[in-house]
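# Descriptive structure summary
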Amino acid sequence: MAVFPTSRPASLVSSCTRNMHKYPHRVVSNRPLRQLWNSKIFQLQRELSSRKRLKDCFMNIDCSDYQKLYVEGGGFRQKDEAMEKAVKCQKKKLSYLPLSVTVAFSNKCMNKCYHCLNSSGTREKGLIKRHKQELIEEFIPQAHYIEFTGGEPLLNSRQEIGKIIKANPDKKYRISTNGILLDELGYDEIFDKTIFVVSLYGFDNSSYRRITGRDNFSRVYKSLINLIKRGYGSKIFIKYVVYKEAVSGLGRFCGFVKEHPSLKGVTIISDASSGFSVYPAMQEMEKIYKEDIFNWVYCGSSLRHRVANRFFDPLYCLRWQWAVWSCRRQNNN
Ligand code: SF4
């Protein structure tokens, strides 16, 4: 399950921990998370995810491969096998809460990336009180894997994250960060229990600025180097998203990773909206950098696929629409 703040007094809630259901399929609600977990729309989301129909996914990516890659690559987007089994047996309602929870307490961020899925920025939108309380008191204590994301989770959710980790020390945590504040972290319980997944947008000042609108590349780079030198490379998993602007830095990035094999892992993932245009550069690099630390993910979609996505399966669309209506009706009650 993933829970994100919105500009309305409601949260964006998804059965997918990566929040990858497409826009028309997303649920924005202020109903209790417990009710949503077994609501019609979540039942349908789960059914679609378990069928692995790529067209249902924003990223056009096979979840099981991606999860495998994250688990083996040091992250832990764990596959919920019990859930898949329940769905296969036509069990629509689940008696347990999600094992994997992704939470964004705030969407505030110092970058202004054009691609940002969560519309993050300098204006803060926080999670509504009811959902925050439910997550801290019920969902997180029962989950096995917890991911903090944002916005930038190290910006102003640090205290909350610290408290959660202290109260539930036996879980697996990861923090998805842009890496800008890593240099401020001391060695505390957050640092001790967490894997940091650092998203890198380009590998030089100019491409970083073109993607994020800010000049933060040097700071991120210095933080990474400092942490690696201090012996914490195994806490860092880097995600390099190959936007068109970031293609030029790909070679330098791969060289950097090769020089620092103590890193936990690296995913080099093509930007879905760039289609196939970044594939040749990635394929060329993949031939050179064959070490296990490199994980290459190709998730562009063709124009045909993108158009087909809009007009596919009217029955499926109707079912979604019905689920959305019923969710809205319940919200209004
Ligand atoms: S760094 Fe991440 S959260 Fe911040 S604006 Fe960019 S994509 Fe959004």
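All figures in this text were calculated on a predicted structure; none of them were measured in a lab. (Residues numbered from 1 in each chain as written. Predicted model: local features only at pLDDT ≥ 70, side-chain atom pairs only at ≥ 80, totals over all residues. Heavy atoms only, no water.)

In terms of helices and strands, the protein carries 14 helices and 10 strands. Across the 333 residues that make up the protein, the buried fraction comes to 56%. Restricting the contact set of the protein to residue pairs at least 6 apart, pairs at least 24 apart contribute 71%. (Helix = DSSP H or I, 4+ residues; strand = E, 2+ residues; numbered from the N terminus. Buried < 20%, exposed > 50% of the residue type's maximum accessible area, 1.4 Å probe, protein only. Contact = heavy atoms within 4.5 Å.)

What follows is about helix H11 (residues 250–259). Among the residues making up H11, those that are buried are Leu250, Phe253, Cys254, Phe256 and Val257. The buried residues of H11 all sit within an arc of 155° when viewed along its axis, so they share a single face. Where H11 is buried, its residues touch strand E7 (194–200), helix H10 (217–229), strand E8 (236–242), strand E9 (265–270), helix H12 (279–288) and strand E10 (294–297). (Arc of directions from axis to C-beta.)

Bringing the environment of Tyr298 into the picture now. Mapping Tyr298 onto the fold places it in the loop between E10 and helix H13 (303–311). Each C-alpha atom, one on Tyr298 and one on Tyr232, is 29 Å from the other, the two residues being 66 residues apart in sequence. The residues contacting Tyr298, other than those within four sequence positions of it, are Ser270, Tyr279, Met282, Gln283 and Glu286. A distance of 2.6 Å separates polar atoms of two side chains, one belonging to Tyr298 and the other to Glu286. (Polar contact = N/O pair within 3.5 Å; in protein donor to acceptor, adjacent residues only side chain to side chain.)

Spatial strand order, E3-E2-E1-E4-E5-E6-E7-E8-E9-E10: 10 strands in an open sheet with mixed pairing. Each edge of the open sheet is held by one strand with a lone partner, namely strand E3 (27–29) and E10. Pairs of neighbouring strands in the sheet enclose a mean axial angle of 20°, with direction left out of account. Examined bridge by bridge, strand E1 (residues 2–5) and strand E4 (residues 100–103) share 2 bridges and lie parallel to one another. Its bridge partner being in E4, Val3 is matched across the sheet by Val103. Across the sheet, helix H7 (residues 158–167) touches strand E5 (145–148), strand E6 (172–177) and E7, and the angle it forms with E6 is around 165°. With respect to the sheet, H10 is in contact with E7 and E8, its orientation differing from that of E7 by roughly 145°. (Pairing = 2+ DSSP bridges. Axes fitted to C-alpha atoms, helices over the stretch in contact; angles between N-to-C directions.)

Now for the side chain of His260. For His260, the position within the fold is in the loop between H11 and E9. Judged by its relative accessible area of 15%, His260 is buried.

Before going further, it helps to examine the pattern of salt bridges. Any two side chains of opposite charge can pair if their charged atoms end up close together. Scanning the model with the defined rule gives 9 salt bridges in all. Overlapping salt bridges bring together Arg158, Asp183, Glu184 and Arg219 as one network. (Salt bridge = Lys/Arg side-chain N within 4 Å of Asp/Glu carboxyl O.)

Once that is clear, we can look at the pairing of E9. For E9, the buried fraction is high: 6 of the 6 residues fall into the buried class. Neither face of E9 is open: one carries Gly265, Thr267 and Ile269, the other Val266, Ile268 and Ser270, and all of them are buried. Handedness of the crossover joining E8 and E9 through H11: right-handed. With 4 bridges connecting them, E9 and E10 associate as parallel partners. If you follow Thr267 over to E10, its bridge partner there is Asn295. (Right-handed = clockwise from strand over helix to strand, strands pointing away.)

On to the nonpolar core, then. Counting 75 residues, the largest nonpolar core has Phe253, Phe256 and Ile268 as the members making the most contacts within it. Among the elements that make up this core, the one with the highest residue count is H10 (6 residues). Filtering out sequence-adjacent residues up to four positions away, Ile268 remains in contact with Tyr240, Val242, Leu250, Phe253, Cys254, Met282, Phe294, Asn295, Trp296 and Val297. (Core = buried A, V, L, I, M, F, W, Y, C linked by side-chain atoms within 4.5 Å.)

Without other data, these values stay purely geometric and don't point to any function.
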